[in-house]
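Results of the structural survey
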Amino acid sequence: MTTSSPILVTGATGRHGGTGAYLVRRLREEGHDVRVLARTRSDRTTALTALGAEVVIGDLHDRRTIVPALDGIEQVYFTYPIDAGVIPAAANYAAAVREAGTAPRTIVMSMGPAHPGHLSDRGRDQWLAEEVLQWAGLDLLVLRVAAAFHENIPALHGRSIDDDGVIRNCFGDATVAWINGRDAGELAVAALLHPERFTGPIHYAAGAEELSHTDIATILTEELRRPVRFEPVSADDWRREIVELSTSEHAGVVNPDMAGHITAVALQVSRQGPSRPADADGLTRLIGRPPTTFREYVRTDVRPRRGEAAR
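Let me begin by describing the structure that accompanies this report.

Conventions we followed
- Residues numbered from 1 in each chain as written.
- Predicted model: local features only at pLDDT ≥ 70, side-chain atom pairs only at ≥ 80, totals over all residues.
- Heavy atoms only, no water.
- Pairing = 2+ DSSP bridges.
- Helix = DSSP H or I, 4+ residues; strand = E, 2+ residues; numbered from the N terminus.
- Axes fitted to C-alpha atoms, helices over the stretch in contact; angles between N-to-C directions.
- Contact = heavy atoms within 4.5 Å.
- Parallel < 35°, antiparallel > 145°, perpendicular 65-115°, else oblique.
- Left-handed = near helix turned anticlockwise from the far one by under 90°.
- Nonpolar A, V, L, I, M, F, W, Y, C, P; charged D, E, K, R; others polar.

Remark on secondary structure: sheet strands pair via backbone hydrogen bonds, oriented parallel or antiparallel. Pairing is parallel in the open sheet, where seven strands are placed in the order β3-β2-β1-β4-β5-β6-β10. Of all strands in the sheet, those with a lone pairing partner are β3 (54–57) and β10 (202–206), marking the two edges. The average undirected angle you get between the axes of adjacent strands in this sheet is 20 degrees. One ladder, built from four bridges, connects strand β1 (residues 7–10) with strand β2 (residues 34–38); its direction is parallel. Bridge assignment links Thr 10 to a residue of β2, and that residue is Leu 37. Helix α1 (residues 19–29) contacts β1, β2 and β4 (75–78) of the sheet and is inclined by roughly 160 degrees relative to β1.

Right under this line is the structure:
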């Protein structure tokens, strides 16, 4: 699909997985104009401007700021962080589309836990937000990525790996479907530029591989060349650890709301396994290249940074 109008991207300054910023870069590489909706100007918006993106200031929780951002827009990438507020954000966006009198095709970056019966509050909220967008009659493609991001490991466990050589969580022995944040971003690129590859309005995208956290620890041990082990803990203990991490200087992308979400996801996976099996071949067909494995991610993104820090 080609379009002469800009593609509106929300969430381009988010850090968890970095799908929005990756999407902006790839769309610019493909020769498409991009408009970014950001709440404030920052180093991240400066970097996006350097890529050639137009940055407009607005907020998904303020319909009045969304309406002008939609001017001349035919396609939108809609995403929201793992935090409270996705339902009013979706309602504001839908209302803005109707007020603007446009009919943009909207790509929603969703998650496997988006289900009315999921243990996670955020999973149930995401499902309801998507229902709101469908009720509004939008031209919609929801990408429900049924996999955990590789980037979750350093975000949630980086400090304990550094300090204690241990990954602690309540996934138990269950295998988890995994995907790299850039591959998730590439899914969004394909959905915007190659819609014929997707079924809709809801498309379940599988991960690239299935690994338990013991497998993850083994790969880290081999690639970081120091012992890393997995230690199962209760959901309550892990939730407390995430909340504590979110208030520390090491918080990074972790916020307190993630604690309830990720522990609920872990409990559900530990009881039922991955919501969908990994499918590397299917992912390859969608994104047009082989997906990144966790070992490759450690080699290219984790190990080099640790080497730089040591110097």
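Strand order in this open sheet of three strands is β7-β9-β11, and the pairing throughout is mixed. The sheet terminates laterally at β7 (148–149) and β11 (209–211), the two strands that pair on one side only. Sheet topology places β7 next to strand β9 (residues 176–179); two bridges connect them, and they run parallel. Paired with Phe 149 across the two strands is Ile 179, which belongs to β9. Against the sheet, helix α8 (residues 213–224) touches β9 and β11, its axis set at about 95 degrees to β11.

This next bit is on the packing of helix α4 (residues 86–100) against helix α5 (residues 121–135). One way to put it is that α4 packs onto α5 with a least axis distance of 8 Å and a crossing angle of 15 degrees. Classed by the angle they form, the pair α4 and α5 counts as roughly parallel. For α4 against α5, the interelement crossing comes out right-handed. Taking contact as the criterion, the partners of Val 86, Ile 87, Ala 90, Ala 91, Tyr 93 and Ala 94 in α4 are, on α5, Asp 125, Gln 126, Leu 128, Ala 129, Val 132 and Leu 133. Classifying every residue of the contact of α4 with α5 by side-chain character gives 10 nonpolar, one polar and one charged.

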